Structures are given as structure tokens and as C-alpha cells.
Amino acid sequence: MSMDLNDYKIIKEGDAEILMHLKNEVFYNKAQVNNRDMSIAVLRAFISKRKQEHEAKLSSRTKAAQELSESGISEPVMEDGAHAFLPEDHRSIRECESREEVSSEELCNTAEESSINISKGKVQRELKPPRVLEALSATGLRALRYAREIEGIGQVVALDNDKASVEACRRNIKFNGSVACSKVESHLADARVYMLTHSKEFDVVDLDPYGSPSVFLDSAVQSVVDGGMLMCTATDMAVLCGGNGEVCYSKYGSIPQRGKYCHEMALRILLASIESHANHYKRYIVPVVSVQMDFYVRVFVRIYTSASATKNTPLKLSYVYQCTGCDSFYLQPIGRTVSKINSVRYLPGYGPVVPQECNYCGKKFSVGGPIWSAPIHDQEWVTSILADVKSMKDSYPAHDRISAVLTTISEELPNVPLFLSRHNLCATLKCTSPSAVIFRSAVINAGYRISGTHVNPLGLKSDAPMDVIWDIMRCWVKNHPVKAQPADQPGSVILAKEPVLQANFARAVSSLSKAQVKKVARFLPNPERHWGPKLRAGRQITSKHVSLLGQAAVNGVLKQEENEESKSKRQKTQDTTTA
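Because the structure is predicted, anything quoted here is derived from the model rather than measured.

Visitor: Which residues make up the packing of aromatic side chains, and what values go with them?
Guide: Under the defined criterion, the tally for this structure stands at six aromatic pairs. Where Trp-476 meets Phe-505, the ring centres are 5.8 Å apart and the plane angle is 65 degrees; that geometry is what we call edge-to-face. Of this pair, Trp-476 sits in helix 17 (residues 466-479) while Phe-505 sits in the loop between helix 18 (490-495) and helix 19 (514-517), placing them 29 residues apart in sequence. For Trp-476, a relative accessible area of 8% corresponds to the buried category.

Given below as C-alpha cells:
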């Protein structure tokens, strides 16, 4: 089939180049360069970590084999010839599991990823390059960047259910030369069916759908090998952030709250949903990095198999009670444990954690969740990824943005779910806002921790209870009086009580983070106008889409359509004249 190159433009991102049709036939969004760069950075760290874990396991097995041979006891060998061992990926959980019986299925899972050779009493394992599945590939740009930019990567399988997308992907694979042709393959298939029929075959599964990933999660958690990684994007932020709570519940099994923390809550709802799907198959997740950028959330989680470890899931989930009058919120854990001498009992959580009416303003509470209330980042991974990004600055087109996001994440308090907003607290009391340094200092001087959040530049994470937060604000208002408000207003009710804690607003040494002291940029503006979601592939671009695409882009498409119309009319006129 002949191809007119005038109908295409070449788009370069990183080391990959794609041919993009001037019409909106296949979906492409320039703004997702942040997403793709972050994914490449995490995938590089995963390959390095995977290699380290493999070497550590090999070393421990070799050492164990030597000790057994010295003691004259034969080492236990499984049926396929692999030496029995337990994965050491999540030590705290593994220590708990040591008290329980471990099934043969769990022992075999980690042995599937490598080839095994046993000769002369020595175990030799060759770690295969990781296989990657991009379940919704469109142009194939992401798969091509993985293949061309990530050292040590194996086969990359790009799927799409749209013929035009698969044709575009195959065209782009050829356009990128021999490396892409040898590593990337494109298939026309339903991603859900493909993942179900390729259970535990991929080390990495990447989900980046247009909208919600909910319909893909069940098959995705089954397609990842034990210890592999699932990378998942959700762009339906209106649903996840409380615009349509009933829709969010039907898709993700959680009710969102419309607080300032709604974007972080969106991350935690997505994590809770993935964990729920994984639990169906005796699997569980360990979040590595979870980010909210631009107009979407993106999570990177590792998936492990263990029937006993799934019992810990209720300990990681909580309901959220949000006061409808002020900014007070509370978390209600779903489960708890009771430890005895040699066992652990799993019981329902205690509740309720709040009375019928708020202690501070007297208003009712709304209930949301369940959400993932355990840590959403692994700080060791974040530090490693950030160091890699800084050392390979030229390899990341969106280096400045992802470096800023990772820097902010590295300074977040890891075990404090959700956050408060200074401006919201002050809006409730109708007072002027203290500076971030003053407010942070007051919390630190009271003996508590506080940090920023990558989700919102005005957000503050703290382990200080709401009693302390409101006392600090009462002391601030005493020094900065406000106008009298109606007695039934939440702010008036809060200020009517005398503070128990006398806040100290003297500047604390650690009131600024290391990045703030060094004046490292943490929240960058969009690089250009109309930096956001784009039109779904296949839809006709009209003048109504100026707000999404920009005037220049819309004018270019409309002008091209006019030229094509006039060209077809001339052709018809010539045909009529000839006849």
C-alpha cells in the first residue's frame, strides 16, 4: 500500500521517532512525555533492582548449599531441579509468614523467570532480560522508547484493538530501524484477553488507557510474574476526585471525597482497587512510586504471590471521615491484628473514630473510601530513581519536570495519608494565612513532623492531630484578629474555644526542606499553552476544540481539510470534462 509522506509529520521524543498522520486517526498527546520519561526512569531502576535481588538470592542459595554439603546433608531439590527458596522481596511480610506453612506454589513462582542449570553441586542461574507488555500502544511511541533507550530490556509487546493504531505502530517500528524491529512486536488484540491468556509471562505490564484502567486491572494483575511490576495510569480525574462518586464506586469500589487532598486520594483509590483485584488471585502489591502529574495519576507497583500475605490487606486500607464544616478529617482502618505468643489474629478495626458531630465546628461527617492508607512510595527507590535522572539529564526530554516531582516526593512524610491546606484552614476561620515557614515552625516546635506534598504546592502533611492544628490557628488569629462572624459559622465555633496548646511561631531550623534551602524548583509551570488532555482518536477536529488543541492546531487541520475538499472537487470536474 502506497504512503504519501506529505500526509505525515515526524515527531521525535527521546531516541524514538514516529510518523504521525495529520488527521486525528491515532491517539498521541505531547503532554504525556512526562509520563513516558517517568516510566523509563522507574523501569531502569526496576531492571537494576531485579538484577541485585537475583544476585542476592543466588549468593544466599550458594552459601546455603555449601553449608549443607559441609554438614553432609543433601540439599532439598524441587521437582524441576530448582533449589527451594523463599523470595526476600518484602522482608517484613516474609518474617510473619515464617510462622506459617508455605505452599509449593509460592516456592515455585520466583523460579519461573530464570533458566536453571545444576552441575557438580553448583547452581548457575542466567537472568533473562525482562519482557514488557504495553497493553494499549496507539502509535507505539512508548514501546519504541523502551526498546531504544533502556539498556538490558528484552522483548516489548505492543497491543492495540484498533487496526489503524496497529498499522501505525508497525509503520513506526520499521521507521526506527533494526533495534526496534528486533525488540518490538505489535499485535491486533484485545488487551484483556491477551493478558488473561498470557498469565505470569511479563515482567512489566504498562497500562496507559484513554480514561479509566478499571476494566484492565483484573487481567493485568494476572499477567505479571511474581516480583514483576505493573505501571498504571488513570486519566478519569473527574471521577476519582469526587465529581461522580457513584461512578467511582462502580469502577474502583471506593467513594471519593471532594477535599483539597482529592488528587492524593485518587492515587490511593487506584492503589486500593489494584490490591483488591490482586487479592482475588492470592497476590498483593507493594507500591514503588505513585505520582499525580498534569491531568492524571500514575502508579508503579510490584506484584507478589502469597496467600498468607493477603491477610494484611485490611491493615493497609481505611475509610475517610471528612467534616462538612471545617477541614478536619480522620482515617478509620478496616482491620487490626492481635499478636499472641506464636500467632497473629486478624480482626475488624475498632470504630467509630469520630462522633456524630465534629468536635471543633459541630457539623456532620461524610464518609469516603476505602483508600490505600499504607505508604504510596518506597523512599529507597525514589532516591535511586532521582539520582539516575540527574545523572542522565540528556536522556530525558522532560528532565526538569520529573526531577522536580521526584525531589518533592523524596521529602514527603511516607506514613501520613492525605494532607491539609493552609489556605483552606484560613478560609474556614476567615483570617489571613501564615507563611509556610511560620506554620511549619509552629508544628515542629509543638513536637510533630511536617512536610510538603508533590500533589499540591499549598498542601502540608503532618502527623500532628487536628487538636494541635486548630490550636495553632487559634493562636495565630489572636495575633492577627479577624472580623466578627455569625455565631453559627464553623470558624466562629472553632475560635470560641480557648487554645490548650500555646503555639510557638519562632522559626524552626528544619522549617524549610533541603530542596527549599537550595532553592530547587519543585512546582514548574506547563511548558506551553494547551498542555493537557487531547481529543480521542477518530473524532473529527472542529473549531469547538480550540481550548484543548489551540487555535493554530485547529486552523491547520481545518485548512488541510479545505485543501483536500478543493482537490477532490477539481478531480471530479476533470473526470466530468474527460467523460
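Visitor: Help me get a handle on the nonpolar core, residues and values and all.
Guide: Among the nonpolar cores identified, the biggest contains 79 residues, and Leu-207, Leu-230 and Ile-274 are the most heavily contacted of them. Ranked by residues supplied to this core, first place goes to helix 11 (residues 262-279) with 10 residues. Here Leu-230 is in contact with Val-205, Leu-207, Ala-220, Val-221, Val-224, Ile-274, Val-299, Phe-300, Val-301 and Ile-303, once residues within four sequence places are set aside. Counting 48 residues, the second-largest nonpolar core is a separate cluster that includes Ala-158, Met-231, Val-291 and Tyr-396.

Visitor: Tell me about the environment of Leu-501, and name the residues and values.
Guide: Counting through the fold element by element, Leu-501 comes out in the loop between helix 18 and helix 19. Between the C-alpha atoms of Leu-501 and Cys-475, which are 26 residues apart in sequence, the distance is 8.5 Å. Contact partners of Leu-501, with chain neighbours within four places excluded, come to Ala-446, Val-468, Asp-471, Ile-472 and Cys-475.

Visitor: Please set out the packing of helix 15 (residues 422-429) against helix 17 residue by residue, giving values where relevant.
Guide: Two numbers describe how helix 15 lies on helix 17: the axes approach to 11 Å, and their chain directions differ by 60 degrees. With respect to each other, helix 15 and helix 17 are oriented oblique. Of the two possible hands of crossing, helix 15 and helix 17 adopt the one that is right-handed. Contacts from Leu-425, Cys-426, Thr-428 and Leu-429 of helix 15 reach helix 17 at Ile-469, Trp-470, Met-473 and Val-477. Considered class by class, the residues forming the contact of helix 15 with helix 17 number seven nonpolar, one polar and no charged.

Visitor: Provide a residue-level description of the sheet that holds strand 13 (residues 329-333), including the pertinent values.
Guide: Backbone-to-backbone hydrogen bonds join strands into a sheet, with any given pair of strands oriented parallel or antiparallel. Ordered by their spatial adjacency, three strands build an open sheet running 13-12-16, and the pairing between neighbours is antiparallel. Either end of the sheet is taken by a strand with one partner, and the two such strands are strand 13 and strand 16 (365-372). For this sheet the average axis-to-axis angle between neighbouring strands, irrespective of direction, equals 25 degrees. With respect to the sheet, helix 11 is in contact with strand 12 (317-323) and strand 16, its orientation differing from that of strand 16 by roughly 55 degrees.

Visitor: Run through helix 10 (residues 245-252), naming residues and quoting values.
Guide: Within helix 10, burial applies to Gly-245, Cys-248 and Tyr-252. On an axial view of helix 10, the arc spanned by its buried residues comes to 55 degrees, and they lie on one face. Opposite the packed face of helix 10, turned more than 90 degrees from it, sit the exposed residues Glu-246 and Ser-250. The secondary structure elements touched by the buried residues of helix 10 are helix 8 (214-223), strand 9 (224-234), helix 9 (237-240) and helix 11. Trailing helix 10 by a residue or two, Gly-253 shows a phi angle of about 75 degrees, which is positive.

The rules behind each value
- Residues numbered from 1 in each chain as written.
- Predicted model: local features only at pLDDT ≥ 70, side-chain atom pairs only at ≥ 80, totals over all residues.
- Heavy atoms only, no water.
- Phe/Tyr/Trp six-rings, centres within 6.5 Å; stacked < 30°, edge-to-face > 60°.
- Helix = DSSP H or I, 4+ residues; strand = E, 2+ residues; numbered from the N terminus.
- Buried < 20%, exposed > 50% of the residue type's maximum accessible area, 1.4 Å probe, protein only.
- Core = buried A, V, L, I, M, F, W, Y, C linked by side-chain atoms within 4.5 Å.
- Contact = heavy atoms within 4.5 Å.
- Axes fitted to C-alpha atoms, helices over the stretch in contact; angles between N-to-C directions.
- Parallel < 35°, antiparallel > 145°, perpendicular 65-115°, else oblique.
- Left-handed = near helix turned anticlockwise from the far one by under 90°.
- Nonpolar A, V, L, I, M, F, W, Y, C, P; charged D, E, K, R; others polar.
- Pairing = 2+ DSSP bridges.
- Arc of directions from axis to C-beta.

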